[in-house]
Amino acid sequence: MKPIDPALADRVPPGQVLTEKFPVLTYGGTPAFDPATWTFRCFGLVEHEVSWTWSEFLELPRVRVRSDIHCVTTWSRLDNDWEGVSVREILRHVTPRPEARYVLQHAEQGYTTNTTLDDLLSDDVVLALRHDGRDLEPDHGGPLRMVVPKLYFWKSAKWLRGLEFLDVNPPGFWERAGYHMNADPWREERYADQETDAMQRMRTEAARALRERR
Ligand SMILES: Nc1nc2c(c(=O)[nH]1)N[C@H]1C(S)=C(S)[C@@H](COP(=O)(O)O)O[C@H]1N2
Ligand SMILES: [Mo]
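Residues numbered from 1 in each chain as written. Chains lettered and ligands numbered in written order. Predicted model: local features only at pLDDT ≥ 70, side-chain atom pairs only at ≥ 80, totals over all residues. Heavy atoms only, no water.

Taken as a whole, helix α2 (residues 87-94) has its buried residues at V87, E89, I90, L91 and V94. T95 lies just past α2 and shows a positive phi near 50°. (Buried < 20%, exposed > 50% of the residue type's maximum accessible area, 1.4 Å probe, protein only. Helix = DSSP H or I, 4+ residues; strand = E, 2+ residues; numbered from the N terminus.)

Glancing now at the site of ligand 1. Neighbouring ligand 1 are 19 residues; P23, Y27, H140, R145 and K158 lie closest to it. Contact between ligand 1 and P23: an oxygen atom at 2.7 Å from a main-chain N or O atom of the residue. For ligand 1, an oxygen atom lies 2.9 Å from a polar atom in the backbone of L25. One can see that ligand 1 is located within the largest pocket. For the shell around ligand 1, the residue count by class is 14 nonpolar, three polar and two charged. (Near = heavy atom within 4 Å. Polar contact = N/O pair within 3.5 Å; in protein donor to acceptor, adjacent residues only side chain to side chain. 1 Å grid on protein atoms, 1.4 Å probe; cavity = no way out; pocket = protein on both sides within 12 Å on 5 of 7 lines; lining within 4 Å. Sits in = over half its atoms within 2 Å of the grid points. Nonpolar A, V, L, I, M, F, W, Y, C, P; charged D, E, K, R; others polar.)

Below, the discussion takes up the packing of aromatic side chains. Across all of its chains, the model carries 16 aromatic pairs by this definition. Over the ring of F43 we find R41; its NZ or CZ atom is 4.0 Å from the centre of that ring. (Phe/Tyr/Trp six-rings, centres within 6.5 Å; stacked < 30°, edge-to-face > 60°. Lys NZ or Arg CZ within 6 Å of the ring centre and 35° of its normal.)

To continue, consider the layout of surface pockets. Here the largest pocket is characterised by a volume of approximately 520 Å³. Around the largest pocket, the lining comprises 26 residues; the ones closest to its centre are L25, T26, Y27, Y111 and W174. (Points joined across faces, edges and corners; volume = space filled by probe spheres on them.)

A few words now on the environment of T204. For T204, the location among the structural elements is in helix α4 (residues 197-213). By relative accessible area, T204 is classed as partly exposed at 48%. Along the chain, T204 and P171 lie 33 residues apart, while their C-alpha atoms are 8.3 Å from each other.

Next up on the list: α4. Within an α-helix, residues lying three or four positions from one another point in the same direction, as the helix has 3.6 residues per turn. Between the first and last C-alpha of α4 there are 24 Å, a value that for 17 residues agrees with the 24 Å anticipated at 1.5 Å per step. Residues M199, R203, A206, A207 and L210 constitute the buried set of α4. Seen end-on, α4 carries its buried residues on one side only, within an arc spanning 100°. Within α4, the exposed residues directed more than 90 degrees away from the buried face are D197 and E212. In the core, the buried residues of α4 are packed alongside β6 (102-107), β11 (160-166) and α3 (173-176). (Expected span 1.5 Å × (residues − 1). Arc of directions from axis to C-beta. Contact = heavy atoms within 4.5 Å.)

Next up on the list: the side chain of R145. Tracing the chain through its elements places R145 in strand β10 (residues 145-147). Despite its burial, R145 pairs with no opposite charge, the nearest such side chain being E137 at 10 Å. At 3.1 Å, the side chain of R145 forms a polar contact with the backbone oxygen of S156. (Lys, Arg positive; Asp, Glu negative; His and termini not counted. Salt bridge = Lys/Arg side-chain N within 4 Å of Asp/Glu carboxyl O.)

Structure, rendered in structure tokens:
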């Protein structure tokens, strides 16, 4: 572990160490990608449900952003170049209803993670197809992953297949296992026991509301 270069110190959140490697963190295995059957679907509280095929998705306009990764297991990797489609572009097609304040990311194999819709509207959020000048590697979420740089990296679903727009904020896969609903690395929001009482109530009630609706 190298000591942190003082010039970079203000980019490294508390409790994090820098790595130049790109570790793979997956619960389970790397799913196979079949371009013939792949879809990306937006549903829930939207004016227009949209499902893109792989070839349709590749037609969408792209953005490039450079951002830092902060994983809750304490590694950070600076200056990642991502290329992909912005969530704002997706929203132009689906138009969330006014009551849609939360988004549940749905990935292959049932992985989910929850954020506010606001969290996904920053200019640095991207549905990434490419990383550091190459197509996203399968282990890192290829063909498509979410990247939300301002939150711990578990909030960036690999192998993303859909976004569900909601008026409740139900905990996703790691959030149900005890990780934080917000996950701001600058506030070290790592675990559920650091959540406010109000947020813990929301966690329980939102999970129940979603179950009852289905
Ligand atoms: N679908 C899916 N997305 C996922 C995960 C996963 O297990 N499955 N792991 C999360 C966690 S905990 C982290 S730290 C990052 C790791 O991304 P990487 O393997 O590209 O470093 O992906 C996140 N997204
Ligand atoms: Mo992680």
